[in-house]
Amino acid sequence: MNFRQAWRTNGFLGLIGALVVLLVCAAAVIGTIAAISGGSSPALAVITVLAVIVGIAALLTLTGLTTVNPNEARVVQFFGRYIGSVSDAGFYLVTPLSERRAISLRIRNFETQKLKVNDADGNPVEIAAVVVYRVVDSFKAAFAVDDYEEYVAIQSEAAVRHLATTHPYDSHITDVVSLRDGATVAEEMTVELRERTKLAGIEIIEARITHLAYAPEIAQAMLVRQQAAQVVAARQQIVEGAVGMVRLALDRLAEEGVVELNDERRAAMVSNLLVVLCGDRATQPVVNAGSLYA
């Protein structure tokens, strides 16, 4: 069984029609009772019974009146049998004596708790995410799962745990996606959640990590590790740049013939330039003024 539209008609017309029928039936009953009191007549008795039956039917018709709010669906059941849903906002008359269950179609957001899991490298991390979703199939949301809100919450936590265990917290390797790669991780989590919640008639609009940190017991050690890794990466970049600058200086000196450098003087110049360019402190030049005594 799949989603389908329930039978419905304008509620105002149904209300006015039922009231008119009730008034006619009441007038018929009063009139026939007055006529019967003047003398018994089988035809009048039959008319009275029919008017009462029609009036009861009109009263039962009023039980089918329902209001559907904007961004809301009404799942209609007739003695346990699903007969359809009403998704358009308005005042309607549906099948009398039916049960109408309201399902919100509004966009909702859900934030998971801070979960403590091990990442792909085995480091304990704290992670939380926010999930934005809405119901697109009221039949599945009502009957495919017991509680679609709880279902989304549990599946969201499961997806966050799976995501954290398949990616490292941080990575300096280019082709390895880490948890800190926000856009890539968000897209991956969104796709996974869509597959998990499709059976419940839920559309996942967006899923993003809102909290990501190392667990308190290793946070300080990992901070030192991150700082050391950043220092090494910075030094590597400085050395690469310094080597290029030294090569450029030597090539320009050779091209323009400014000075003739033998291997020993070339090595000394390279050493001095590397010290100046790679040092983490300002250099202080030493000028050789020659001997004071001739």
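Placed above this text is the structure.
**As for the overall build of the protein chain**
Looking only at helices and strands, the protein chain has 7 helices and 10 strands in total. By residue count, 29% of the 294 residues in the protein chain fall in the buried class. Counting only contacts in the protein chain whose residues sit at least 6 apart along the sequence, the fraction spanning at least 24 positions is 68%. Of the roughly 18300 Å² of accessible surface on the protein chain, a fraction of 58% belongs to carbon and sulfur atoms.

**Topic: helix H4 (residues 148–166)**
Compared with the 27 Å implied by 1.5 Å per residue over 19 residues, the 27 Å span of H4 between its first and last C-alpha is a close match. Regarding H4, the residues found buried are Tyr148, Val152, Ala153, Gln155, Ser156, Ala159, Val160, Leu163 and Ala164. Between a side-chain oxygen at the N-terminus of H4 and the backbone nitrogen of glutamate 149 the separation is 3.1 Å; the capping residue is aspartate 147.

**Some remarks on the sheet that holds strand S1 (residues 9–10)**
What the 3 strands build is an open sheet, ordered S1-S5-S2; its pairing is antiparallel. The open sheet has two free edges, formed respectively by S1 and strand S2 (65–68), since each of these has just one partner strand. Bridging between S2 and strand S5 (residues 90–93) involves 4 bridges; their strand directions are antiparallel. Among the inter-strand pairings, threonine 66 is bridged to a residue of S5, identified as tyrosine 92.

**A word on the pairing of strand S8 (residues 115–118)**
Burial along S8 is one-sided: the face carrying Leu115 and Val117 is buried and the face carrying Lys116 and Asn118 is not. Two successive antiparallel strands, S8 and strand S9 (residues 124–135), enclose a turn made up of 5 residues, where glycine 122 displays a positive phi of approximately 85°.

**Looking at a nonpolar patch on the surface**
On the surface, a nonpolar cluster with roughly 560 Å² of combined accessible area is contributed by Val52, Ile56, Leu60, Phe78, Phe79 and Leu97. Tallying contributions element by element places helix H2 (residues 42–62) first for the nonpolar patch, with 3 residues. Mapped onto the elements, leucine 60 comes out in helix H2. Looking at leucine 60, the relative accessible area reads 38%, which means it is partly exposed.

**Thoughts on helix H5 (residues 182–197)**
Look at H5: 22 Å from first C-alpha to last across 16 residues, which is about the 22 Å you get at 1.5 Å a residue. Within H5, the full set of buried residues consists of Val185, Ala186, Met189, Thr190, Glu192, Leu193 and Thr197. In the core, the buried residues of H5 are packed alongside S9, H4 and strand S10 (202–214).

**A few points about the pattern of salt bridges**
Under the definition given, this model contains 7 salt bridges. Its salt-bridge partner being aspartate 88, residue arginine 8 comes within 2.9 Å of it at the nearest N-O pair. Of this pair, arginine 8 sits in the segment before S1 while aspartate 88 sits in the loop between strand S4 (81–86) and S5, placing them 80 residues apart in sequence. For arginine 8, a relative accessible area of 27% corresponds to the partly exposed category. For glutamate 192, the salt bridge goes to arginine 196, with nearest N and O atoms at 3.1 Å. Note that glutamate 192 and arginine 196 are positioned in helix H5 at a spacing of 4 residues, about one turn of the helix. Using a relative accessible area of 16% as the deciding quantity, one classes glutamate 192 as buried. Owing to a relative accessible area of 26%, arginine 196 belongs among the partly exposed residues under this scheme.

**Structural notes on unusual backbone geometry**
Positive phi, normally seen in glycine, also occurs at phenylalanine 79, with a value near 50°. Counting through the fold element by element, phenylalanine 79 comes out in the loop between strand S3 (72–78) and S4. Phi is positive for leucine 97, which is not a glycine, with a value near 60°. Take leucine 97: it is sitting in the loop between S5 and strand S6 (99–104). Under the relative-accessibility criterion, leucine 97 is labelled partly exposed at 44%.

Calculation notes
- Residues numbered from 1 in each chain as written.
- Predicted model: local features only at pLDDT ≥ 70, side-chain atom pairs only at ≥ 80, totals over all residues.
- Heavy atoms only, no water.
- Helix = DSSP H or I, 4+ residues; strand = E, 2+ residues; numbered from the N terminus.
- Buried < 20%, exposed > 50% of the residue type's maximum accessible area, 1.4 Å probe, protein only.
- Contact = heavy atoms within 4.5 Å.
- Areas by Shrake-Rupley, 256 points an atom, 1.4 Å probe, with all protein chains shown as cover.
- Expected span 1.5 Å × (residues − 1).
- Polar contact = N/O pair within 3.5 Å; in protein donor to acceptor, adjacent residues only side chain to side chain.
- Pairing = 2+ DSSP bridges.
- Patch = residues over 30% accessible without salt bridge, like charges linked within 9 Å, V, L, I, M, F, W, Y side chains within 5 Å.
- Salt bridge = Lys/Arg side-chain N within 4 Å of Asp/Glu carboxyl O.

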